[in-house]
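Structure at a glance
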Protein chains: 2
Amino acid sequence: MDIPSKEGFLSNIAYDSVIFGFSGNTLKILILEYHNTGFFALPGGFVKIDEDLNDAVKRGLKERTGLDKIFLEQFYTFGKTSRKDSAAMETILKANGFKVDKQSWLLDRFISVAYYALINYEDVSPQPDELSDSINWYPIDELPPLIFGHDEIVKKAIQTLRDNLERKLVGINLLPSKFTMKELQQVHEAILNKKLRRTTFQRKMLGMEILERHEKQFSGKAHKAPYLYSFNKVTSGQQ
Amino acid sequence: MDIPSKEGFLSNIAYDSVIFGFSGNTLKILILEYHNTGFFALPGGFVKIDEDLNDAVKRGLKERTGLDKIFLEQFYTFGKTSRKDSAAMETILKANGFKVDKQSWLLDRFISVAYYALINYEDVSPQPDELSDSINWYPIDELPPLIFGHDEIVKKAIQTLRDNLERKLVGINLLPSKFTMKELQQVHEAILNKKLRRTTFQRKMLGMEILERHEKQFSGKAHKAPYLYSFNKVTSGQQ
DNA sequence: TTTTATTGTCTCAATTTATTACAATAATAC
DNA sequence: GTATTATTGTAATAAATTGAGACAATAAAA
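Residues numbered from 1 in each chain as written. Chains lettered and ligands numbered in written order. Predicted model: local features only at pLDDT ≥ 70, side-chain atom pairs only at ≥ 80, totals over all residues. Heavy atoms only, no water.

1. Thoughts on the relation of the copies chain B and chain A
- For the pair chain B and chain A, the relating rotation is 180°, the translation along its axis is 0.1 Å, and the fit reaches an RMSD of 0.1 Å. Read as a symmetry element, the transformation amounts to a two-fold axis. Across chain B, the rotation axis passes nearest the C-alpha of Ser 11 of chain B, at a separation of 2.9 Å.
- A share of 96% of interface residues in chain B that are also interface residues in chain A marks the association as one of identical surfaces. (Least-squares fit on C-alpha atoms with pLDDT ≥ 70 in both. Contact = heavy atoms within 4.5 Å.)

Written as C-alpha cells, this is what we have:
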C-alpha cells in the first residue's frame with residue numbers, strides 16, 4: 001500500500017492538539033497509540049492548501065471527538081530540528097502496512113503549531129484515526145512517554161492553561177453547561193494542582209459577574225442543596 | 001534575473017518580526033519599504049531546512065539590526081488563507097528586476113510565525129535587505145498601511161507586549177543596561193498608553209526586588225539627581 | 001543664598017483579598 | 001417528628017495591597 005498522498009496539503013507544516021478533559025477530579029489529556037508500535041503521541045494533522053490553519057485544527061478535532069464548537073486556542077509553534085524522528089515515523093508507517101519511500105513527505109521535517117482544547121469529558125467518545133490503534137484519556141501526571149517531542153508540547157500546554165485560568169476563566173469549558181460552584185472549584189484545583197479556599201473562590205467567581213444562577217440541584221446528599229450555575233457569555237479562543 | 005532559489009528553505013513557512021524600540025518617549029516599530037512599490041511590511045524571512053525556527057528568526061534579526069542577544073518571543077502563528085497576496089508579491093519581485101514565474105515558491109501561500117523583539121533603540125542602525133529600499137522606525141500610532149496582513153500581526157504584538165509587561169517586566173529590554181526610574185516609567189506609559197502614578201510605580205518596581213541600584217546620575221538639571229538602576233536577572237523569552 | 005524642578009520615601013486612606021463565623025438547608029438517624 | 005450531619009451561601013472582620021498626598025533631600029540655576 002502506498003503512503004497517503006501529500007497532494008493538497010501544505011509542506012513542512014503540521015499541527016498538534018492537547019485536548020483536555022476533566023473527570024474523577026483529575027485533568028486528563030487525549031493521547032493516541034499507534035498500531036503495534038508502543039508509540040504514543042498527541043493527535044495532530046496537516047493543513048490543506050486552501051484551508052485556514054485554525055479550520056484545519058477544528059476539522060481534526062471534529063474527526064476525533066465529534067465536537068463542533070469547542071474552546072480552542074493556539075499557544076505555541078514548535079520548530080526545533082530535533083523534533084524530527086524519521087525512524088519513529090518509518091516504524092509507524094510500516095506497522096500500518098505502508099511501503100516506505102525515503103523521499104516520502106511524511107518523513108520530512110515539520111514545524112508544528114500547537115493548540116489546546118477544553119472539552120466536556122462526558123460529551124465525547126474519542127475516535128482513533130487510520131494510523132492509530134486507540135485514543136484514550138490519560139491523567140496529566142500519568143502520561144506515557146510521547147514521541148516527536150510531544151512531551152514538551154504537553155508541558156507548555158499545561159502551563160498556558162494555568163496562566164490563562166484566572167484571566168479568562170477558561171475552566172468553565174471543561175464542565176457541562178450547568179455546574180455547581182464546587183465542581184468549578186475542583187476544576188480550578190485540578191488545573192493549578194493546589195487547594196483553594198472555598199469562600200474566597202466563590203466570592204471571586206460571583207464577583208466577576210459572568211455566572212448565571214439557576215435552580216438548586218437536589219443531590220440526595222444530607223446537606224443544603226447547591227445552586228447550579230452557567231456561563232453567560234462566550235469564552236472562546238477561536239480567532 | 002531569476003527569483004531567489006527556494007533551495008534550502010522550508011516550504012509554506014515564514015516568520016515575521018515586530019521589532020520594538022523606544023525613543024522620544026514613544027514606542028516604535030521597524031517597518032521596511034520595498035523598492036519602488038510604496039508597499040510597507042514587517043521584516044521577515046524563511047527557515048532553512050536544517051535550522052531551528054528560533055535560530056532562523058535570530059539570524060534575520062542579526063542581519064537587520066546587527067544585534068545578537070536580544071529579547072525575542074514568539075507570540076502567534078498566522079495561518080489564514082486570506083493572508084496570501086500574490087499580486088503584491090509579484091509587484092515587489094518585478095520592481096526588483098526579477099523575472100516572475102507563476103509557479104514561483106515566493107508566490108505560494110505562507111503560514112507565518114510571528115515574534116516580537118525588544119531592543120535598545122540606540123544600539124542599532126537598521127539595514128534593509130536585498131528586496132527592500134529602506135527600513136525605518138515608525139511610532140506605533142503612525143504606521144503606514146502594511147501588506148500581507150501585517151497590520152493584524154502588529155496589533156497582536158502590541159497586545160501581547162501589554163499583557164506581558166507587568167508579569168514579566170519586559171519593558172527593561174527597551175532601555176540601556178542602566179536607566180533611571182523615570183525612564184522605566186516612561187517605557188511603561190508608552191506601552192500601556194496611559195499615565196502612571198510615580199510613587200506607586202516606584203514602590204512596585206522596587207518591591208519586585210529585581211532592580212539593582214547604582215551610583216547617582218548627575219544629569220546637569222536643576223534638581224536632585226536620580227539613581228541609576230539595572231536589571232539583576234536575565235529576562236529572555238528565548239527558548 | 002534663594003529658587004526651581006525633581007527624586008526618594010513616608011504616611012494615611014481606600015480598596016481588595018484572606019479568614020473566620022454563622023445561619024440555612026436537604027437528607028438521615030433516631 | 002426532632003435532633004443530627006454535612007455541606008452551602010453570605011456576612012463580618014482582619015490582613016494585605018494599592019492609591020494619593022505630603023514632605024524632606026538635593027543639583028543646578030538665578
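2. Description of the confidence of the model for chain A
All names here are of chain A.
- Predicted confidence across chain A gives a mean pLDDT of 91, with 95% of residues reaching 70 or more.
- No element of chain A has a lower mean pLDDT than strand E8 (residues 211–216), which averages 91, and none a higher one than strand E6 (residues 111–118), which averages 98.
- Across residues 234–239, confidence stays below pLDDT 50; counting only partners more than four residues off in sequence or on other chains, it has 14 contacts. (pLDDT = per-residue confidence, 0-100. Helix = DSSP H or I, 4+ residues; strand = E, 2+ residues; numbered from the N terminus.)

3. Describing the side chain of Asn 120 of chain B
All names here are of chain B.
- Topologically, Asn 120 is positioned in the loop between strand E6 (111–118) and strand E7 (132–139).
- Note on Asn 120: relative accessible area 11%, which makes it buried.
- Every residue in contact with Asn 120, bar those within four places of it in the chain, is listed here: Asn 173, Leu 174, Leu 175 and Pro 176. (Buried < 20%, exposed > 50% of the residue type's maximum accessible area, 1.4 Å probe, protein only.)

4. Remarks on the protein's contact with DNA strand D
- Near DNA strand D lie 23 residues; those nearest to it are His 223 of chain A together with Thr 200, Arg 203, His 223 and Lys 224 of chain B.
- Within 4 Å of the protein, the atoms of DNA strand D are drawn from sugar and phosphate moieties in a proportion of 51%.
- Separating a base oxygen of DNA strand D from a side-chain N or O atom of Lys 224 of chain A is a distance of 3.2 Å.
- Note that a sugar or linking oxygen of DNA strand D is positioned 3.3 Å from one of the backbone N or O atoms of Lys 221 of chain B.
- Contributing elements (two or more residues each) for the surface near DNA strand D: helix H5 (198–207) of chain A together with helix H5 (198–207) of chain B.
- Considering every element that reaches the surface near DNA strand D, the biggest residue donor is H5 of chain A, with four residues. (Near = heavy atom within 4 Å. Polar contact = N/O pair within 3.5 Å; in protein donor to acceptor, adjacent residues only side chain to side chain.)

5. Considerations on unusual backbone geometry
- Positioned with a positive phi, Asn 193 of chain A is a non-glycine residue whose angle comes to about 60°.
- The phi torsion at Glu 209 of chain B lies on the positive side, around 55°, for a residue other than glycine.
- Counting through the fold element by element, Glu 209 of chain B comes out in the loop between H5 and strand E8 (211–216).
- Looking at Glu 209 of chain B, the relative accessible area reads 66%, which means it is exposed.

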